[in-house]
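The lines below spell out each chain.
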Amino acid sequence: MMASLLLGIGVLAVGTYAIRVAGPAMRSRVTVGPRTQRLLDRAAIVLLVAVALTGALYVGHDFAGWARPIGVGAGLLAAVLKAPIVVVVVLAAAVTAGLRAAGVA
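Worth saying up front: this structure is predicted, and the values here are computed from it rather than measured.

Caption draft 1: Fine view of the overall build of the protein chain. The helix and strand inventory of the protein chain stands at four helices and two strands. Shown N-terminal to C-terminal, the secondary structure of the protein chain runs as helices and strands in the order α-α-β-β-α-α. For 105 residues, the compact-globule estimate of 2.2 N^0.38 gives 13 Å, and the C-alpha radius of gyration of the protein chain, at 20 Å, exceeds that figure by more than 25%. Over its C-alpha atoms, taken along the principal directions, the protein chain stretches across nearly 55 × 45 × 25 Å.

Caption draft 2: Examining the environment of Arg 29 more closely. Within the secondary structure, Arg 29 is located in the loop between helix 1 (2–27) and helix 2 (34–57). Overall, the relative accessible area of 68% leaves Arg 29 in the exposed class. For the pair formed by Arg 29 and Ala 18, sequence separation is eleven residues and the distance between their alpha carbons is 17 Å.

Caption draft 3: Highlighting unusual backbone geometry. One non-glycine residue, Lys 82, lies in positive phi territory at about 65°. Tracing the sequence through the fold places Lys 82 in the loop between helix 3 (67–80) and helix 4 (85–101). On the basis of relative accessibility, which here comes to 74%, the residue Lys 82 falls in the exposed class.

Criteria and cut-off values
- Residues numbered from 1 in each chain as written.
- Predicted model: local features only at pLDDT ≥ 70, side-chain atom pairs only at ≥ 80, totals over all residues.
- Heavy atoms only, no water.
- Helix = DSSP H or I, 4+ residues; strand = E, 2+ residues; numbered from the N terminus.
- Rg over C-alpha atoms; globule rule 2.2 N^0.38 Å.
- Buried < 20%, exposed > 50% of the residue type's maximum accessible area, 1.4 Å probe, protein only.

Structure representation (structure tokens):
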């Protein structure tokens, strides 16, 4: 079991390294059109939003409760209003903690 775990870690490490090396190596050989470039840029944003929403809404397989998404929403609003990142994080944490202290699950 330990050998297969180490083998899996090794394969993932080699694969990750190969992908990281292939990016700059292929950049000069492969050209993409402006439409494809816009699509790839948007795909990265969609992926980041999906990961953030999953983290904001779920703990494991269960709903995280209403306090966390409301806190994330408060942080998002502060970010949209161009608040410094420290303010965004502290505000989101404070709103979440305040709601939990008030009994909101």
